[in-house]
Amino acid sequence: MSTFDQILPIANEVLTTHHNKVAQLDWLIINRDLTGRVRFIAPELSKEDEPQRADVEVVYQALSERLMPHAYSVDAGILYEASLELACQGATHYTLGGFNKVWIVDRLATEANWAHMVPEIEGVPRIVFFSIKGGVGRSTALAATAWSLAQAGKRVLVLDLDLESPGLSSALLPPERQPMYGITDWLIEDLVDNGGAVFDDMVATSNLSHDGEIHVVPAHGAEHGEYIAKLGRVWMPKLRADGTRETWSARLGRLLQALEERIQPDVVLVDSRSGIDEIASACITDMGANLILLFALEGNQTWNGYRMLFEQWQRAHVADKIRERLKIIGAIVPELDRVSYLEGLRESAYGVFVDTLYDEIAPAKPEAIGLTPNGEGKWHVGDLVEGWNFDEADEGAPHYPWGVNWHRSFAGLRSLQGRLATIDAQEVQSVFGSLIGGVSDAVDLRRPS
Amino acid sequence: MLADFLDAHERHWTDAEGLFAAERFANADHLYGMATECGLKRLMMRFGMTVDEKGNPTKRQDWKHVKDIWARFETYRSGKVEGVDYGLPTPSPFDNCSVDDRYAHQSHFDKVRVQSHQTGARTVRNLVAKAQREGLI
């Protein structure tokens, strides 16, 4: 009896054994369906070609015998489609290692696949705050960053996308300033083409900053209404009149674009849901974010979580589409032994990045190392060794943490509205300085003032 | 004989296409309707329709022909997470059908009428193929 994790290794073995038969096909899909069972999808032409059809059946038979119960009988386990594109549509797909014509297609019960990467957007910088575990001060750090950027004269747009545990807006807005609606309301109204009814009343300006502006879009409005009934529907895709489908994250992207057009911000800060979650996937992979801040506490729970995520990117061959946008944030760095704590955090982060996202750089070939041919008696390496990699101590590397210090006055988001209203810039700097500096540089780099 | 809605859906579709190509529109029309009915019934089984030992629906309300099964399908699909992406367009392309059509004279079946039913049957066929890819059936 095989288990789910054995599907890919076994598929690789079986296809290697039958590589001659597989090579005859234009393409072949190993389709992992919603229940985690495997079918082949083969080109329609091979259905009519008797020898090819027989070959496909032989290979599937060999595979299904080893994969049971994660497979079907031969008569039910092979589907035929006219084109590869059609068969892959709407699902995560990537090639099986070692076979450039064999694709793994993964169909999930959720829309979040974490492997579809929207490239960086060209317009206003979008910065996502994400944590693999909750309760690490992510929303507080976002509020402080928004305040600081606004104090520096920037127009900041803040989105609370922690829909299942909202709270950011209460940190930035006093109760009397909360807008009537929030993101959840728009996502529901949009399903019936009524987004316009709430759009003008879902943004409020914070009174915290005196020099710039913070525009806040909360998860819900001042009156949260039937929040649970609404939340259960936000994930709905929208079916257009012509029968095409718009995913919920595409709808969210449309909302963000409309908000940017209306508010014309200098920067957008997004508070993402924590964990490997549907909303988090939309924030990290679908928004075209320019900078993704990964909050981390030193410990196995944090690094196991990030490792799972990074390995998925590696497996789906999309690591190079996102790794340059990542930055580890050392969350709530303890007061005692700050330096050694951050060093430990850096070392752990480096380990995970090296194993998953950084390129492995092989040493130069021995024959490329030797004396220069011009007889000067100098040694040289006649081999260009390239790859995307960093030293552990490289401050510009994604794994090198920007630290957010623990501070009594910032523990707990609820009190933040009061704290930021009276706090001095120096105190914010001492706690969030490294993060704020990094974010400011990233914003200025993209939008020189 | 035991009912096999999936197999019946496929054979009715294949034969309907053959008859349509041969411009035998009346019987093509009948088989597009049958293919649609069988395909939807197979999907309804996945979304909760119960069948007896012979494979026939146990509820009288499910003994419908193509005109009514289009709406009946929604009863089973709604409220199921896995059914979210299996919506049918409205109005149904089979609204102009009747069970009595099978007794009608063939001059009543022109290409345009049959094409709209072919489109409806193809919609269901695509849903059946999608359900197979996703492992729902």
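Residues numbered from 1 in each chain as written. Chains lettered and ligands numbered in written order. Predicted model: local features only at pLDDT ≥ 70, side-chain atom pairs only at ≥ 80, totals over all residues. Heavy atoms only, no water.

Caption draft 1: The overall build of chain A, seen in detail. Scanning chain A from terminus to terminus reveals 17 helices and 17 strands. Pairs at least 24 residues apart make up 74% of the contacts formed inside chain A by residues separated by at least 6 positions. Accessible area for chain A stands at about 21100 Å²; split by element, carbon and sulfur atoms hold 50% of it. Separation between the mean location of the 39 positive side-chain charges and that of the 64 negative ones in chain A comes to 2 Å. (Helix = DSSP H or I, 4+ residues; strand = E, 2+ residues; numbered from the N terminus. Contact = heavy atoms within 4.5 Å. Areas by Shrake-Rupley, 256 points an atom, 1.4 Å probe, with all protein chains shown as cover. Lys, Arg positive; Asp, Glu negative; His and termini not counted. Charge placed at Lys NZ, Arg CZ, Asp CG, Glu CD.)

Caption draft 2: Up close: helix α1 (residues 5–21) of chain B. All names here are of chain B. The terminal C-alpha atoms of α1 lie 24 Å apart, and with 17 residues this matches the ideal 24 Å at 1.5 Å per residue to within 8%. Within α1 the residues assigned to the buried category are F5, L6, A8, H9, H12, W13, A16 and F20. Projected down its long axis, α1 shows its buried positions confined to an angular sector of 155 degrees, all on one face. The outward face of α1, more than 90 degrees from its buried face, is lined by the exposed residues T14 and A21. As for α1, its buried residues are in contact with α2 (25–46) and α4 (111–133). (Expected span 1.5 Å × (residues − 1). Buried < 20%, exposed > 50% of the residue type's maximum accessible area, 1.4 Å probe, protein only. Arc of directions from axis to C-beta.)

Caption draft 3: Local environment of the interface of chain B and chain A. With eight residues of chain B at the interface, the matching set in chain A holds 14 residues. In total, about 960 Å² of surface goes out of reach between chain B and chain A, with carbon and sulfur atoms giving 53% of it. Note that A:E81 and B:R133 form a salt bridge whose closest N and O atoms lie 2.5 Å from each other. Here chain B and chain A share six residue pairs in polar contact (both at pLDDT 80 or more) between them. Taken together, the residues of the side of chain B that touches chain A break down into three nonpolar, two polar and three charged. (Buried area = accessible area lost by both parts, 1.4 Å probe. Salt bridge = Lys/Arg side-chain N within 4 Å of Asp/Glu carboxyl O. Polar contact = N/O pair within 3.5 Å; in protein donor to acceptor, adjacent residues only side chain to side chain. Nonpolar A, V, L, I, M, F, W, Y, C, P; charged D, E, K, R; others polar.)

Caption draft 4: Inspection of the pairing of strand β2 (residues 38–43) of chain A at higher detail. Residues and elements named next belong to chain A. Among the six residues in β2, six count as buried, and that is most of the element. Relative to β2, strand β1 (residues 28–32) is paired through four bridges, and the arrangement is antiparallel. Within the sheet, the bridge partner assigned to I30 lies in β2 and is F40. (Pairing = 2+ DSSP bridges.)

Caption draft 5: Spotlight on the sheet that holds β1(A). What the five strands build is an open sheet, ordered β3-β2-β1-β5-β4 (chain A); its pairing is mixed. The open sheet is flanked by β3 (78–81) and β4 (92–95) of chain A, the only strands paired with a single partner. Mean inter-strand twist for the sheet, computed between neighbouring axes without regard to direction, equals 25 degrees. Pairing analysis gives five bridges linking β1(A) to strand β5 (residues 102–106) of chain A, with the strands arranged parallel. Looking across to β5(A), one finds that A:I30 is bridged to A:I104. Along the sheet face, α4(B) touches β1, β2 and β3 of chain A and points at about 135 degrees away from the line of β3(A). (Axes fitted to C-alpha atoms, helices over the stretch in contact; angles between N-to-C directions.)

Caption draft 6: Representation of the confidence of the model for chain A in the model. The predicted model of chain A has a mean per-residue pLDDT of 88, with 94% of residues at 70 or higher. Here helix α16 (residues 416–422) of chain A stands out as the least confident element of chain A, with mean pLDDT 64; β2(A) is the most confident, with 96. (pLDDT = per-residue confidence, 0-100.)

Caption draft 7: Geometry of helix α4 (residues 50–67) of chain A. All names here are of chain A. With 18 residues, α4 should reach 26 Å at 1.5 Å per residue; the first-to-last C-alpha distance of 25 Å fits that figure. Turning to α4, its buried residues are Q52, V56, V59, Y60, L63, S64 and L67. Buried residues along α4 cover an arc of 130 degrees about the axis, so they all sit on one side. Residues of α4 that are exposed and point more than 90 degrees away from the buried face comprise E50, P51 and E65. Those residues of α4 hidden inside the fold are in contact with α1 (7–17), α2 (19–23), β2, α3 (44–48), α5 (74–77) and β3.

Caption draft 8: Quick peek at unusual backbone geometry. Here the residue pair A:M68 and A:P69 is connected by a cis peptide bond, since its omega of 10 degrees sits within 30 degrees of zero. Geometrically, the link from B:T90 to B:P91 is a cis peptide bond, its omega value of -5 degrees lying close to zero. By the element assignment, B:P91 lies in the loop between α3 (66–77) and α4. Here A:D193, not a glycine, exhibits a phi torsion of approximately 55 degrees, which is positive. With respect to the element layout, A:D193 can be found in the loop between α9 (183–191) and α10 (196–199). The exposure class of A:D193 is exposed, given its relative accessible area of 61%. Backbone geometry places A:D337, a non-glycine residue, at a positive phi of 50 degrees. Looking at the secondary structure, you find A:D337 in the loop between β14 (326–333) and α15 (338–356). With a relative accessible area of 59%, A:D337 lands in the exposed category.

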